[in-house]
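# Fold and geometry: a report
Letter by letter, the chains look like this.
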Amino acid sequence: MPSGKRGRFPVGTPVLDAARSLGVYVESVCGGRATCGRCQVEVQEGHFAKHKIVSSNDHISARGAKEERYDRVRGLPEGRRLSCSATIQGDLVIDVPQDTVVNAQVVRKSAIDRIIERNPAVQLCYVEVDEPDMHKPLGDLDRLKVMLDRDWGFDNLLVSQYLIPQVQGILRKGSWAVTAAIHRDLEASRPNIIALWPGLHNEAYGIACDIGSTTIAMHLVSLLSGRIVASSGMQNPQIRFGEDLMSRVSYVMMNPDGRAQLTKAVRDAVTELTRKVCAEGGVDPNNVLDAVIVGNPIMHHLFLGIDPTELGQAPFALAVSGSVHTWASDLGLGINTGARIYMLPCIAGHVGADAAGATLSEGPHRQDRMMLLVDVGTNAEIVLGNRNRIVAASSPTGPAFEGAEISAGQRAAPGAIERVRIDPATLEPRFKIIGSDLWSDEPGFDADAETLGITGICGSAIIEVVAEMFLSGIISEDGVIDGALAARSPRIRQTGRTHSYLLHQGKQEISVTQNDVRAIQLAKSALYAGVKLLMEKLGVDHVDTISLAGAFGSFIDPKYAMVLGLIPDCDLSEVKAVGNAAGTGALMALLNRDYRREIEKTVHRIEKIETALEPRFQQHFVNAMALPNKVDAFPHLAA
Ligand code: FES
């Protein structure tokens, strides 16, 4: 457990060997010498004693001298055994404890729990190497390779060039005992010694990083336990070159050193974030040996130092669409010199490695039900399908959902309005702001508002306020603010030839204008039209489940998204916010190399749809301008 794999083994088989023969990854750094303690398991069922004394009737062997010594020196938690030492004596259910992997959403509050079975690309291997012998003139490095083959089964090993001059010193420092970090991502390619330490080295970490155009999010993870040691995020400093993706591409096109500047900005940011998570987790950056990175195609290209100009115009040609394996030292990330970087494949010119990460995380390809996966940014990345067939597209939603182009829009930050309700009888609003637990009509709210200030409306609340305006009759199905209501409520105001709705009158006036409603209509129509196009391609008239990814998806209320017709009709209990699914996908690929193969195969068979080339897109777009839609029904809303 938790993999559920089972098998039959002769009495006396070490639990570690049984696990391995079942394909269950159990860590072992010391190679079964009972010194590293990484191979711990728990016996869940079978005849055994939870305490230290094991009787002869038990289905697992009594603790041997080595296990006892380990317990005396390092301490084994109650109920734990070293699987390299404990042998099977009867029927057992064995639990491989995985520290719960918690994917903390770095932007705000939500978190996703899941357990990721480990099989990392980097493995630590302790070996004791023969001392040099004048009669056997095999080099120190060659004798190290012999032992790595004998004890760990790694033949034909490559050695990172930078290590070769250091091997003799490390072997002598460790008195001929060393720990090698072996990178073995692809079965077809030769495993590689990427780092070497004297003696037993018991620490290996990796980073999973999602480079968003607005935010860069990172997890630092122990490759030996799967535990997330630290998570953090920061604003993408490329913002100073352009708020959205296309303006950054324009910057590259118009400035001779533009690409180099943008590449440096993002690499410096990833390096700084790595330093930050390492400091938070108390981890030496030298112990970070692997990194998995996802991002939209433009972020992906700029991080790799590739000019993204081609992605700014049809046919949106990617320089590289397959997964990328490279060395961290080439990109200057400040982690171990031998550390590797793996970037997930891109799906299409506008559907990047981040969408691949989200696909890996949510797994439409693993299920029978029809899943819609949407990651909303300035472009909505949309994936639709199930195990039989998957299609993907991007839709130009623009920055309205992120609060840009909205008169009182702002990023999610303390003081921003995040929840809104409008009384249909009086048209009076009540709202909540980030940083306060109170609604605006509750006692104590004014004190919070005084401290925090009420600064604007964040992206998720824009959906809510427009939907509430629609539900309370302030705006029509066409999205027009009803000026006649000005007679009923002072909150409806005339501004030029259109009207606006006053949400809050404080130090700062916060209103929703006709232009704001129009911007949301355009954005939601683009998203819906993209989804509809994909549904048509698959010949389906409904979706079974919807996953809303990204910061925006995490904080919008699915009901309001459906009221406005952002997403197609679906049972509301099947619509879920999945947080930073792209980051979770990166984490999965970091902790288990099998997921790398899985997503590479899946991306290969995803059919890419270019919305700009599809004549039906325009028609779907026009229909989707109405609230919720001119032609499509939303029976689950009525229910
Ligand atoms: Fe190291 Fe069991 S493999 S203690």
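If you're wondering where the values come from, they're calculated on a predicted model, not measured in any experiment. (Residues numbered from 1 in each chain as written. Predicted model: local features only at pLDDT ≥ 70, side-chain atom pairs only at ≥ 80, totals over all residues.)

### Section: the overall build of the chain
Scanning the chain for helices and strands turns up 18 helices and 28 strands. In terms of C-alpha radius of gyration, the chain reaches 28 Å, essentially the compact-globule figure of 26 Å for 639 residues. Across the 639 residues that make up the chain, the buried fraction comes to 49%. Sequence separation of at least 24 residues holds for 67% of the intrachain contacts in the chain that already meet a minimum separation of 6. (Helix = DSSP H or I, 4+ residues; strand = E, 2+ residues; numbered from the N terminus. Rg over C-alpha atoms; globule rule 2.2 N^0.38 Å. Buried ≥ 20, exposed ≤ 12 C-beta atoms within 10 Å, placed from the backbone. Contact = placed C-beta atoms within 7 Å.)

### Quick look at the sheet that holds strand β1 (residues 40-45)
Sheet architecture is open: 3 strands sit in the order β2-β1-β3, paired in antiparallel fashion. Only two strands of the sheet have a single partner each, and these edge strands are β2 (80-82) and β3 (93-95). Strand-to-strand twist across the sheet, computed as the mean angle between neighbouring axes with direction ignored, equals 45 degrees. Pairing geometry for β1 and β3, over 3 bridges, is antiparallel. Paired with Val 43 across the two strands is Ile 94, which belongs to β3. (Pairing = 2+ DSSP bridges. Axes fitted to C-alpha atoms, helices over the stretch in contact; angles between N-to-C directions.)

### Thoughts on the sheet that holds strand β25 (residues 509-513)
If you walk across this open sheet you meet the 3 strands as β23-β24-β25, and the pairing is antiparallel. If you trace the sheet from one side to the other, it starts and ends with β23 (492-495) and β25, each paired once. Taking the axes of each pair of neighbouring strands and ignoring which way they run, one obtains an average angle of 40 degrees across the sheet. Here β23 runs beside strand β24 (residues 498-505); their pairing, made up of 4 bridges, is antiparallel. Residue Arg 493 lies in a different strand from β24, and its bridge partner there is Ser 500. Against the sheet, helix α12 (residues 514-538) makes contact with β24 and β25, and its axis sits at roughly 55 degrees relative to β25, the strand it touches most.

### Here's the deal with the nonpolar core
Core analysis: the largest hydrophobic core is formed by 169 residues, its most contacted members being Ala 392, Val 466 and Ala 586. Among the elements that take part in this core, α12 stands out by supplying 11 residues, more than any other. If we ignore the near neighbours within four places in the chain, the residues touching Ala 586 are Ala 208, Cys 209, Asp 210, Val 292, Ile 293, Val 294, Leu 344 and Gly 357. With 19 residues, the next largest nonpolar core counts Val 15, Leu 16, Ala 19 and Leu 92 among its residues. (Core = buried A, V, L, I, M, F, W, Y, C linked by C-beta atoms within 7 Å.)

### With respect to the domain arrangement of the chain
You'll often see interface size given as the accessible area lost when the parts meet. The domains assigned to the chain are domain 1 (1-97), domain 2 (122-198), domain 3 (205-343), domain 4 (363-399 + 519-638) and domain 5 (403-518). Relative placement of domain 2 and domain 3: their C-alpha centres are 31 Å apart. Of all elements in the fold, only β8 (177-183) and β9 (192-198) reach the threshold of two or more residues within the side of domain 2 that touches domain 3. Here the residues of the side of domain 2 that touches domain 3 sort into 6 nonpolar, 2 polar and 1 charged. (Domains from an automatic or database assignment. Nonpolar A, V, L, I, M, F, W, Y, C, P; charged D, E, K, R; others polar.)

### With respect to the packing of α12 against helix α17 (residues 615-624)
Describing two packed helices takes the angle between their axes plus the distance from one axis to the other. Viewed as axis vectors pointing N to C, α12 and α17 meet at an angle of 130 degrees, and their least axial separation amounts to 8 Å. On the basis of their axis angle, the class for α12 and α17 is oblique. The two elements α12 and α17 cross, and the hand of that crossing is right-handed. Together, Lys 524, Ser 525, Ala 526, Tyr 528, Ala 529, Lys 532, Leu 533 and Glu 536 of α12 and Arg 616, Phe 617, His 620, Phe 621 and Ala 624 of α17 make up the contact between the two elements. (Parallel < 35°, antiparallel > 145°, perpendicular 65-115°, else oblique. Left-handed = near helix turned anticlockwise from the far one by under 90°.)

### Concerning the pairing of β24
Where β23 folds back onto β24 in an antiparallel hairpin, the turn is made up of 2 residues, including Gly 496, whose phi is positive at roughly 65 degrees. Of the pairings in the sheet, the one linking β24 to β25 comprises 5 bridges and is antiparallel in character. Across the sheet, residue Tyr 501 finds its bridge partner in β25, namely Val 512. Remark: 3 residues form the turn of the hairpin made by β24 and β25, two consecutive strands paired antiparallel.

### Points about the packing of helix α9 (residues 353-362) against helix α15 (residues 581-591)
Where α9 contacts α15, the axes come no closer than 7 Å and their chain directions differ by 75 degrees. Taken as axis vectors, α9 and α15 run roughly perpendicular relative to one another. Contact residues: α9 offers Asp 354, Ala 356, Gly 357, Ala 358, Leu 360, Ser 361 and Glu 362, while α15 offers Ala 581, Ala 582, Gly 583, Thr 584, Gly 585, Ala 586, Met 588 and Ala 589.

### Remarks on the environment of Leu 262
The residue Leu 262 is located in helix α6 (residues 258-281) in this model. On a C-alpha basis, the gap between Leu 262 and Leu 438 in space is 41 Å, while along the polypeptide they are 176 residues apart. Once residues within four sequence positions are removed from consideration, Leu 262 is found in contact with Gln 238, Phe 241, Arg 248, Tyr 251, Val 252 and Leu 302.

### Some thoughts on the environment of Asn 379
Position of Asn 379 relative to the elements: it lies in the loop between β16 (371-376) and β17 (380-385). For the pair Asn 379 and Leu 527, spaced 148 residues apart in sequence, the C-alpha separation works out to 8.7 Å. In contact with Asn 379, not counting residues within four places along its chain, are His 350, Ser 394, Ser 395, Pro 396 and Thr 397.

### Quick look at unusual backbone geometry
A cis amide bond links Ala 314 to the next residue, Pro 315, at an omega of 5 degrees. Relative to the assigned elements, Pro 315 resides in the loop between α7 (297-304) and β14 (324-327). Each neighbour pair has its own omega, and for Leu 627 with Pro 628 the value is -10 degrees, a cis peptide bond. Along the chain, the position of Pro 628 falls in the loop between α17 and α18 (635-638). Phi at Ser 175 is positive, roughly 50 degrees, even though this residue is not glycine. With respect to the helices and strands, the residue Ser 175 is situated in the loop between α4 (167-173) and β8. Here Trp 176, not a glycine, exhibits a phi torsion of approximately 75 degrees, which is positive. Checked against the element boundaries, Trp 176 lands in the loop between α4 and β8. Judged by local crowding, Trp 176 falls into the partly exposed class, with 18 C-beta atoms found within 10 Å.

### Regarding the pairing of strand β21 (residues 429-433)
On β21, burial follows the alternation: Pro 429, Phe 431 and Ile 433 on one face are buried, whereas Arg 430 and Lys 432 on the facing-out side are not. Judged from the 5 bridges that link them, strand β20 (residues 416-422) and β21 form a sheet pairing that is antiparallel. Residue Arg 421 lies in a different strand from β21, and its bridge partner there is Arg 430. Between β20 and β21, which pair antiparallel and follow one another directly, the connecting turn spans 6 residues, one of which, Leu 427, has a positive phi of 65 degrees.

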